[in-house]
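# A look at the structure
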Amino acid sequence: MKLSHLWYWLALALVLISYALFIHGYKQHILLGWVDFRSMYTAAWMVRDGAGETLYDISAQWEAFRRYSPSAEPLPFNHPPFEVPLFLPFTYLSFGRAYVTWLALNVLLVGVLAVVLTRVSAAPPGMPTLGVAAACFSFFPTAYMFLQGQDSIFIAIGYTLAYAALRRGREDWAGFLIGLGLYRFQLVLPVVLVFLLRRRWRVVIGFAAACVLLGLVSLGVTGWEGALRYPQFLRELNQSQAYGVIRPENMPNLRGQVMTLVAWRVPTLWIDAGVGLASLASLVWVVRKWKQAETSGAVPFDLLMALTLVVTLLASYHLNLHDLVLLLLPLALVARHLVQTRGSTRPLRRTLEITTIALFLPPVYLIPDWPDKTLVLFCLLVLFAVAIAAEVTTAGKADQKGHEPTGAS
């Protein structure tokens, strides 16, 4: 065994041991059901019991929590209906065993993501799969996802596979894969809007196909009445933070920062309008970056994909720490670019290097006593996006001079 591979094995073992100790420390927390997994588990029980049509009735959910969840504090299930069948097999286990089984599946899927990142050449050149796996497992949002029993890993894998499909010119397949992530529609619709404004119609058609498929599954789960109830249910949750689902102070995105700073001084309608316009402007800015690169004939595809995903996170309406698992693809793409183009000393290049490293440091995710808990993380993400955009411009100019290979369009 090579010495470098031994270090990767040791790093991966250390990360897994740290996770085991981390989760063991929260053993009582988990046994009491104070994790997000309880909402998916309870929703699956409702559907298994034939109560799918009342899935988005808050009183019906509360009754189901009293029956099936070990936690006395309910957590509303606010995901689309088509996700529920994924959790039906877990209802044949007690909550504790279901959580552990789901955790094991998540660990396996993070390993799968590491393999996919390596196979599609999204990781730094020369870095073995073990090294990529160690990086994926040591990323704090991954640990947070494990603890809460969340499902963000599926959208991370979906976007990575969609990236690979786009590299191969399979835009319809990429759109379909992106569409499968609609259980986190706030992290999908901004990306689809970017492709729509770029007139990448095959991506949009593939996305529409996924919408049709998932729509049919949703109707099978809740029926027409339950499916039509879903938007109103989300509106009710958004208007009341008492349910513990919508907490802007925990969101490292534009909406979270604005709501945290001015929520008590400015009407909510004005905040929503202002954040909506700012989010739309940021996505239009990303589209302009794509078009400028395409017009010049030099398309740094990896950097543009990374920029699109990072801005999507910032512009999303709802963003939790576990959703930042999606950052693994942009971080891998940026790290690959930095390794391939090492030697530059430009200030914004240094900013890109520093922010890439900083996003792997747990302290930026754990600032509990500040009035705005996620301000540092938000600023890092903004700097990361700006530095990527600057690198896109520089890489495009270098491509025009024939110094670097042109990316896929």
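Residues numbered from 1 in each chain as written. Predicted model: local features only at pLDDT ≥ 70, side-chain atom pairs only at ≥ 80, totals over all residues. Heavy atoms only, no water.

## Quick word on the overall build of the protein chain
In terms of regular secondary structure, the protein chain is built from 18 helices and zero strands. Classification of the 409 residues of the protein chain by burial places 52% in the buried group. Long-range contacts, defined as pairs at least 24 residues apart, comprise 75% of the intrachain contacts of the protein chain with a sequence gap of at least 6. Summed over all atoms, the accessible surface of the protein chain reaches about 18500 Å², with 66% contributed by carbon and sulfur. (Helix = DSSP H or I, 4+ residues; strand = E, 2+ residues; numbered from the N terminus. Buried < 20%, exposed > 50% of the residue type's maximum accessible area, 1.4 Å probe, protein only. Contact = heavy atoms within 4.5 Å. Areas by Shrake-Rupley, 256 points an atom, 1.4 Å probe, with all protein chains shown as cover.)

## Concerning the environment of Glu249
For Glu249, the location among the structural elements is in the loop between helix 12 (201-239) and helix 13 (254-262). Sequence separation between Glu249 and Lys373 is 124 residues; the distance between their C-alpha atoms is 6.5 Å.

## Brief notes about empty space enclosed by the protein
Enumeration according to the criterion identifies two cavities of 30 Å³ or more in this entry. Its boundaries defined by the atoms lining it, the second largest cavity holds a volume of some 30 Å³. Lining the second largest cavity, in full, are Tyr159, Ala162, Tyr163, Leu166, Ile178, Val191, Phe195, Met305 and Leu309. Counting only elements with at least two residues in the lining of the second largest cavity, the list comes to helix 9 (153-167), helix 11 (189-197) and helix 15 (301-315). With four residues, the single largest contributor to the lining of the second largest cavity is helix 9. Tallied by class, residues from the lining of the second largest cavity come to nine nonpolar, no polar and no charged. (1 Å grid on protein atoms, 1.4 Å probe; cavity = no way out; pocket = protein on both sides within 12 Å on 5 of 7 lines; lining within 4 Å. Points joined across faces, edges and corners; volume = space filled by probe spheres on them. Nonpolar A, V, L, I, M, F, W, Y, C, P; charged D, E, K, R; others polar.)

## Looking at the confidence of the model for the protein chain
Regions with low pLDDT should not have their predicted coordinates read in detail. Taken over all residues, the pLDDT of the protein chain has a mean of 86, while the share at 70 or more is 87%. Note that pLDDT drops below 50 for residues 403-409; the model gives that stretch 20 contacts with residues more than four away or on any other chain. (pLDDT = per-residue confidence, 0-100.)

## A look at the nonpolar core
Grouped together as the largest cluster of nonpolar side chains are 117 residues, with contacts concentrated most on Phe37, Ile153, Tyr159, Leu324, Tyr365 and Ile388. Residues within four places of Leu324 in sequence aside, it is in contact with Phe139, Pro141, Pro252, Leu313, Leu319, Tyr365, Leu377 and Leu381. (Core = buried A, V, L, I, M, F, W, Y, C linked by side-chain atoms within 4.5 Å.)

## Brief notes about the packing of helix 14 (residues 268-296) against helix 15
At a closest axis distance of 9 Å, the pairing of helix 14 and helix 15 adopts a crossing angle of 175°. Here helix 14 lies roughly antiparallel to helix 15, going by the angle between them. Within the contact between the two elements, helix 14 uses Ser279, Ser282, Leu283, Trp285, Val286, Lys289, Trp290 and Ala293 and helix 15 uses Phe301, Leu304, Met305, Leu307, Thr308, Val311, Thr312 and Ala315. Its residues assigned to classes, the contact of helix 14 with helix 15 shows eleven nonpolar, four polar and one charged. (Axes fitted to C-alpha atoms, helices over the stretch in contact; angles between N-to-C directions. Parallel < 35°, antiparallel > 145°, perpendicular 65-115°, else oblique.)

## Thoughts on the environment of Leu109
In this fold, Leu109 is placed in helix 6 (residues 95-119). The buried category is assigned to Leu109, whose relative accessible area is 13%. Among all residues touching Leu109, those that are not within four sequence positions of it are Ile153, Phe154 and Ile157.

## Regarding the packing of aromatic side chains
Tallied over the entire structure, the rule returns 24 aromatic pairs. Ring geometry for Phe37 versus Tyr99: centroids 6.2 Å apart, planes at 70°, classification edge-to-face. Taken together, the positions of Phe37 in helix 3 (residues 37-48) and Tyr99 in helix 6 put the pair 62 residues apart, joining distant regions of the chain. Accessibility assignment for this pair places Phe37 and Tyr99 in one class, buried. With 4.6 Å between their ring centres and 45° between their planes, Tyr56 and Tyr230 make a pair best called tilted. Remark: Tyr230 occurs in helix 12 and Tyr56 occurs in the loop between helix 3 and helix 4 (58-68); sequence separation between them is 174 residues. (Phe/Tyr/Trp six-rings, centres within 6.5 Å; stacked < 30°, edge-to-face > 60°.)

## Observations regarding unusual backbone geometry
In this structure, Ser121 takes a positive phi of about 60° despite not being glycine. Residue classification places Ser121 among the partly exposed residues on the basis of a relative accessible area of 38%. Positive phi, normally seen in glycine, also occurs at Arg199, with a value near 60°. Within the secondary structure layout, Arg199 lies in the loop between helix 11 and helix 12.

## Some thoughts on helix 16 (residues 328-340)
Its 13 residues place the ends of helix 16 18 Å apart at the C-alpha level, agreeing with the 18 Å of an ideal helix rising 1.5 Å per residue. Of all 13 residues making up helix 16, eleven are buried, and the element is well covered by its neighbours. Every buried residue of helix 16 is listed here: Leu328, Leu329, Pro330, Leu331, Ala332, Leu333, Val334, Ala335, Arg336, His337 and Leu338. (Expected span 1.5 Å × (residues − 1).)

## Considerations on the packing of helix 6 against helix 8 (residues 140-148)
One can describe the packing of helix 6 onto helix 8 by two numbers: an axis separation of 9 Å at closest approach and a directional angle of 155°. With respect to helix 8, the axis of helix 6 lies roughly antiparallel. For the crossing formed where helix 6 meets helix 8, the hand is right-handed. Mapping the contact onto sequence places Tyr99, Leu103, Asn106, Val107 and Val110 in helix 6 and Thr142, Met145, Phe146, Leu147 and Gln148 in helix 8. Counted by class, the contact of helix 6 with helix 8 contains seven nonpolar, three polar and no charged residues. (Left-handed = near helix turned anticlockwise from the far one by under 90°.)

## Quick notes on a nonpolar patch on the surface
A contiguous nonpolar patch, built from Leu180, Leu213 and Val217 and spanning about 200 Å² of accessible area, is present on the exposed surface. Along the chain, Leu180 falls in the loop between helix 10 (171-179) and helix 11. (Patch = residues over 30% accessible without salt bridge, like charges linked within 9 Å, V, L, I, M, F, W, Y side chains within 5 Å. Salt bridge = Lys/Arg side-chain N within 4 Å of Asp/Glu carboxyl O.)

## Quick look at the pattern of salt bridges
Inspection of the entire model under this criterion finds 13 salt bridges. Glu236 is paired through a salt bridge with Arg229; the nearest N and O atoms lie 3.1 Å apart. Looking at Arg229, the relative accessible area reads 28%, which means it is partly exposed. Here the salt bridges share partners, and the residues they tie into one network are Arg349, Arg350, Glu353 and Glu391.

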